[in-house]
Amino acid sequence: MVPGDRCAVCEGTVSVLCSQCGTVGYCGPEHRKDHWPEHKTLCTPYCIQRSEKLGRYLVASRDIKAGELILKEKPLVVGPRVDSAPICVACYQPFPLHQQPRCSVCLVAPVCGVHCERNGRHTSTECNILKEAAKKYSLTLSDNSQIVLPLRCLLQLRNSPTDPNWVSFLEMESHVEKRRDTLIWRDHQLNVVDVLRENGLLTSVEDADFVQKICGILDVNSFEVRGPPSKSGQTEKLRGIYLRASLMAHDCVANTHLAVDDDFEMSIHASVPITRGHPIYFNYTSAMQGTWNRQMHLREGKYFDCTCRRCSDPTELGTHMSSLRCVRCYKGFIISTNPIGTLTPKQGSQQVEAVSAGTYWECNKCKHRYHSNLIRTTVSQARCLLDGVDRSDIRATEYLLRRLLRTFPPQHFVILELKQTLVAAYRDTILRDPNPTRKILNRKTELCRDMLPVLQVVEPGISRLRGIALYELQDPIVTLALREMQAGDFSQDLLKRLKEAEGYLREAVTQLLYEPTHSAEGQLGRVAMQDLQRLRYSIQRAEIMMAENGRDHRGLSTAKSEISKKRGGRKRKT
Ligand SMILES: C[S@@+](CC[C@H](N)C(=O)[O-])C[C@H]1O[C@@H](n2cnc3c(N)ncnc32)[C@H](O)[C@@H]1O
């Protein structure tokens, strides 16, 4: 028995552990029961461990079922991203074009109105400090969103240096030494450190390195969160610090599902079962990117080389999301011989280029070799074409897809992105057209079907992307089936398709159940639930109609056989 070594109640020898978290020990079941009222508020299904490679990370302290809540957490701080357009620092809505309203008290903070001045996010401390600075300097924040969050953290750290949450903040990984003198370091120096200093916002004890550390902590640890929707339904991308959640290590195939509600509260559920002792992972990148893009993101933004199963496998767990078609044999996949690279990352993309230049790619059938630069250029060119296409123009996008399919296999991440784009474009067309053609409906079904096997591998279990794809898949199947029903065309095949769609819709509901109610995905989940009820009703109707038709058929065939018997009898007579 490890945890504690001593019983949490009587300090006796430990013989049992808390059966929920396994992190507290007791001398026996009685003291475990006695301690439960006190321990239950602290009892979590995870514990924090530390390793040379990962630093601190979360580990399942017991077996966790898929869908189980692991952690719910409010952010320590939320604010604009480094590259954010000017937004209100209290409601996080973008300002109308050419307007730069400011707080009526400090005349500095970009705040859109009195209601926002009072919502508590632009605190009186922040307001006073900015007001004082504005008396001496011509300080403006409205064109520098980058400074807002570091400034907020700095003020909190100055005012509450012993607050345990802010102490924990300073313990977070900042990679300050790896960042020193890099592009991002210089950018923060220019837009944050120098601006703070020039406006008298740094005290004598706070030096540039301290501010750079804050910037590093924010860059390495913050989660992307969405601000509240504007009147037009648009949401601003923000970043927030979550002290516990940020301890999760990265894996390119996560075992968790993250959702953030309108108050920025984050819920983390297990997306697949996690066995006791296994790390709890979150994907810091996008599951729909290829290995090279994910590695770039992690090296440049999180300062490590990912060596997960997906990254180490040149086929990306059999999905071939980064493979190309072999133009020699037209049979094999061109795959990287060294997907992770050989050099350790240091400072930005120059070194990343060096990593890729040292490797080559090979056809897995004919073994023909291709230089990695050729592969990289091919993907970049495809990316340019993809960025250049008018995504609402179905014809142009379909043409580009056909063109790129000569070079890339159907599961390549570029192709999948194009297919996602097409699904959205077909959805819009179908919504606009009261009677969409069978061709359009079937094409949307086909595109969704293509995406699901890959998603199953790279986002197994509970997945927002799979939930959406399943919803989009069932929709055209149901539309076509209902059209046949209206025409009185009942058949076993129709029933089979309706039941298939019901399966997809049921699964979509299960996946989207974990989304916050007010988010677009949460609302889609509710629509899916209503659609499911309607679909079940349609299935019942189809079954009844078919039973009745069957009865009619049986009735008809009995009558026919009676007639033929009579005819037969007559024939024999004649
Ligand atoms: C958000 S922090 C996670 C918490 C951090 N380990 C700590 O001790 O504060 C991200 C950092 O954790 C480390 N890390 C996370 N996942 C990793 C992985 N799969 N391989 C190597 N390092 C990882 C990297 O140093 C990364 O920059």
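Residues numbered from 1 in each chain as written. Predicted model: local features only at pLDDT ≥ 70, side-chain atom pairs only at ≥ 80, totals over all residues. Heavy atoms only, no water.

### Side note on the pairing of strand β3 (residues 46–51)
- Pairing geometry for β3 and strand β4 (residues 55–60), over 6 bridges, is antiparallel. Across the sheet, C47 pairs through a bridge with V59, a residue of β4.
- Once β3 ends, the chain turns through 3 residues before running back antiparallel as β4. (Pairing = 2+ DSSP bridges. Helix = DSSP H or I, 4+ residues; strand = E, 2+ residues; numbered from the N terminus.)

### Notes on the sheet that holds strand β10 (residues 256–260)
- Taken in spatial order, the 3 strands make up an open sheet running β5-β11-β10, and their pairing is antiparallel. The open sheet has two edge strands, β5 (69–73) and β10, and neither has a second partner. On average, each strand axis in the sheet is inclined to that of its neighbour by 15°, with strand direction left out of account.
- With 4 bridges connecting them, β5 and strand β11 (residues 266–270) associate as antiparallel partners. By the bridge assignment for β11, K72 is matched with S267. (Axes fitted to C-alpha atoms, helices over the stretch in contact; angles between N-to-C directions.)

### Notes on the UniProt feature "domain: MYND-type" (unreviewed entry) in the protein chain
- Cross-referencing UniProt, the feature "domain: MYND-type" (unreviewed entry) maps to residues 7–43 in the present numbering.
- Note that residues 7–43 is 30% helix and 11% strand, and that its end C-alpha atoms are spaced 16 Å apart. (UniProt positions renumbered as here; feature names shortened; annotations may be inferred.)

### Some details on the pattern of salt bridges
- With the rule as written, the count across this model stands at 34 salt bridges.
- R152 serves as the salt-bridge partner of E126, at 2.7 Å between the closest nitrogen and oxygen. Taken together, the residues E126 in helix α3 (residues 124–136) and R152 in helix α4 (residues 148–159) connect sequence positions 26 residues apart. Here E126 matches R152 in class, with each residue buried.
- A single network of salt bridges, built from pairs that share partners, joins R383, D387, R391 and E417. (Salt bridge = Lys/Arg side-chain N within 4 Å of Asp/Glu carboxyl O. Buried < 20%, exposed > 50% of the residue type's maximum accessible area, 1.4 Å probe, protein only.)

### Brief notes about the site of the ligand
- For the ligand, the set of nearby residues contains 15 residues, the closest of which are L54, R56, H175, H250 and K302.
- With respect to the ligand, the backbone of R56 contributes an N or O atom lying 2.8 Å from a nitrogen atom.
- One nitrogen or oxygen atom from the main chain of K302 is found 2.6 Å from an oxygen atom belonging to the ligand.
- The protein chains hide 93% of the 570 Å² of surface that the ligand would expose on its own.
- At the level of secondary structure, the elements contributing two or more residues to the shell around the ligand comprise β4, α8 (208–221) and β9 (249–250).
- Looking at side-chain class alone, the shell around the ligand contains 6 nonpolar, 5 polar and 4 charged residues.
- Each of domain 2 (44–74 + 242–282) and domain 3 (77–240) gives at least three residues to the shell around the ligand. (Near = heavy atom within 4 Å. Polar contact = N/O pair within 3.5 Å; in protein donor to acceptor, adjacent residues only side chain to side chain. Areas by Shrake-Rupley, 256 points an atom, 1.4 Å probe, with all protein chains shown as cover. Nonpolar A, V, L, I, M, F, W, Y, C, P; charged D, E, K, R; others polar. Domains from an automatic or database assignment.)

### Some details on the domain arrangement of the protein chain
- For the protein chain, the assigned domains read domain 1 (1–43), domain 2 (44–74 + 242–282), domain 3 (77–240), domain 4 (291–377) and domain 5 (409–546).
- Between domain 2 and domain 5, the C-alpha centre-to-centre distance is 30 Å.
- Taken together, the contact pairs 15 residues of domain 2 with 10 residues of domain 5.
- Here domain 2 meets domain 5 over a buried area of about 890 Å², counting both sides, of which 62% is carbon and sulfur.
- The largest per-residue losses of area from domain 2 upon contact with domain 5 belong to V253, H257 and S271, which jointly make up 43% of the total buried on that side. (Contact = heavy atoms within 4.5 Å. Buried area = accessible area lost by both parts, 1.4 Å probe.)

### Thoughts on the sheet that holds strand β14 (residues 333–336)
- Taken in spatial order, the 4 strands make up an open sheet running β13-β14-β15-β16, and their pairing is antiparallel. Each edge of the sheet is formed by a strand with only one pairing partner; in this case those strands are β13 (324–325) and β16 (369–371).
- Sheet topology places β13 next to β14; 2 bridges connect them, and they run antiparallel. Counted as the bridge partner of L324 is I334 from β14.

### Structural notes on the packing of aromatic side chains
- According to the stated counting rule, one finds 6 aromatic pairs in the structure shown.
- On the basis of an interplanar angle of 40° and a centroid distance of 5.2 Å, the ring pair of F223 and F282 is categorised as tilted. On the criterion of sequence distance, the pair formed by F223 in strand β7 (residues 223–226) and F282 in strand β12 (residues 281–282) is long-range, its members being 59 residues apart.
- On the accessibility criterion, F282 (19% relative accessible area) is buried.
- Ring geometry for F282 against Y284: centres 5.7 Å apart, planes inclined by 45°, an arrangement best described as tilted.
- Among the residues examined, Y284 registers a relative accessible area of 24% and is labelled partly exposed.
- Through pairs of rings, three or more aromatic residues link up here, namely F223, Y242, F282, Y284 and F304. (Phe/Tyr/Trp six-rings, centres within 6.5 Å; stacked < 30°, edge-to-face > 60°.)

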